[in-house]
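Fold and contact review
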Amino acid sequence: MKSNNKPLFAVILITSLFFLWGFALNLNPILIPHLKKACQLTDTQSAFIDSASYIAYFLFAIPAGKFMKRFGYKGGIIFGLMMFAIGAFLFYPAAETRSFVFFLAALFIIASGLTFLETAANPYMTVLGDPATGTQRLNFAQSFNGLAAFLAPAIGGRFILSGKEFNTDTQSGLSPAEIDSFLQQEAASVQLPFIVIGIVVLLVAIFLWRTHLPEIKEDDSLESKGSILKEKNLIQGVLAQFFYVGAQVCISSFFIRFCGYVVGINEVSAAYYLSGALLGFMIGRFAGTFFMRFIAPPKLLAAYTIIVILLLLVAVFTSGMFTIYALTAVQFFLSIMFPTIFALSVRGLGSKTKDGSSLVIMSIVGGAVFPVIMGAVSDISNIQIAYIVPAICLFMVLYFAIKNIKIENLKLTAAH
């Protein structure tokens, strides 16, 4: 495949990156209850699955940018895909040894690769074709991120979760050898799915390597004047994104545990409920983009945040299936938050935009912090009470939305 490739093929390949990182990250809510059982973990310990993934964004956001400045965006994408594939293949020996630390290392390697993909994919999509239609291409590609979020829990739940409970009652009639055999079978269920993921990622890397992609020429002639840390609105936006991502990850990651605790839904069925919730997230992103034609983005962000906080309080303080429906509805209203906070944060930065964007991407580390806090609250009380943690986080998002309430027009250019 030489340089005479049609741009459409390049667009398809870059669009696949949005799907791949969306799929990988949205397997975490499946892995959390699964490895909690297979590796016999507490809620706090299982939350480190998210920490291993999201800490990579903090550590590699800036190095990824520097790598691509040195080797080009195409080189960075291929390097990221190779890391992704290596991490996926490492799930096989991790399952063989049933080592939670090994699993965390594999997840960290995957997420490090995803950081490279996210750093490159958004700007790349805007240059693959007519600049006038760059935003439309980006929105199209981001829809596949939402599609992956919907499919990952359904597919992961089908091929990874067994639906078998493993508590004190079920253990009482088993010998130590039978317990070990059961746990080993549980751990082994991740091996084939992640081998398949690794192979798919490798194939995408090979196609990209053999496909001509235009290099992105960046203008370094404009120098930023003054410290980026003096940009008050940016810093507030970084904090808002930190708390938002933390809340989003908490809400999704413990959803299956919540369903089991509150109404006794088994893990496989709960995975389908989660998939439906994330379908709402995808629909919500399209609906939110439409609503922003009539409602200023900060006002919509504030309204959605208030609704999410109220729905979370319903989930915490009521009972029965109504709590599940409330928690499912949350995803629709979370959908616009990441791109809206991102766009508001970097608005008006001029030559500082690139540095500001890096800081906002680094704030994704909130997904590494708050699930651990939520897990600790769950271990002290229960998983239903622990959902107060994301509700509290979202007050920072509401504050940021109110601070920017006078902004009328905004161009959404990023998604996670």
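Our subject is the structure listed above.
All values derive from a computational prediction rather than experimental measurement. (Residues numbered from 1 in each chain as written. Predicted model: local features only at pLDDT ≥ 70, side-chain atom pairs only at ≥ 80, totals over all residues. Heavy atoms only, no water.)

What the chain contains, in helices and strands, is 20 helices and 0 strands. What you see for the chain is a C-alpha radius of gyration of 21 Å, in line with the 22 Å of a compact globule of 416 residues. The principal-axis extent of the C-alpha atoms belonging to the chain is close to 70 × 50 × 35 Å. Residues classed as buried in the chain amount to 55% of the 416 residues present. (Helix = DSSP H or I, 4+ residues; strand = E, 2+ residues; numbered from the N terminus. Rg over C-alpha atoms; globule rule 2.2 N^0.38 Å. Buried < 20%, exposed > 50% of the residue type's maximum accessible area, 1.4 Å probe, protein only.)

As for its position among the elements, Val238 is in helix H11 (residues 232–253). Judged by relative accessible area, which is 18%, Val238 ranks as buried. For the pair formed by Val238 and Lys354, sequence separation is 116 residues and the distance between their alpha carbons is 14 Å. Not counting residues up to four positions away in its chain, the partners in contact with Val238 are Ser345, Leu359, Val360 and Ser363. (Contact = heavy atoms within 4.5 Å.)

The geometry of helix H12 (residues 255–263) relative to helix H15 (residues 321–334) is characterised by a closest axis approach of 9 Å and an angle of 165° between their N-to-C directions. On the basis of the axis angle, H12 is roughly antiparallel to H15. Every pair of crossing elements has a handedness; the one defined by H12 and H15 is right-handed. Only Met321, Thr323, Ile324, Leu327 and Thr328 of H15 make contact with H12, whose side of the interface consists of Phe255, Phe258, Cys259, Val262 and Val263. For the contact of H12 with H15, the per-class residue count stands at 8 nonpolar, 2 polar and no charged. (Axes fitted to C-alpha atoms, helices over the stretch in contact; angles between N-to-C directions. Parallel < 35°, antiparallel > 145°, perpendicular 65-115°, else oblique. Left-handed = near helix turned anticlockwise from the far one by under 90°. Nonpolar A, V, L, I, M, F, W, Y, C, P; charged D, E, K, R; others polar.)

On to unusual backbone geometry. In this structure, Gln40 is a non-glycine residue whose phi angle is positive, near 55°. Within the secondary structure layout, Gln40 lies in the loop between helix H2 (28–38) and helix H3 (43–46). The class of Gln40 is partly exposed, set by a relative accessible area of 41%. Of note in the backbone geometry, Arg98 takes a positive phi value of approximately 50° without being a glycine. Positionally, Arg98 belongs in the loop between helix H5 (91–97) and helix H6 (100–127).

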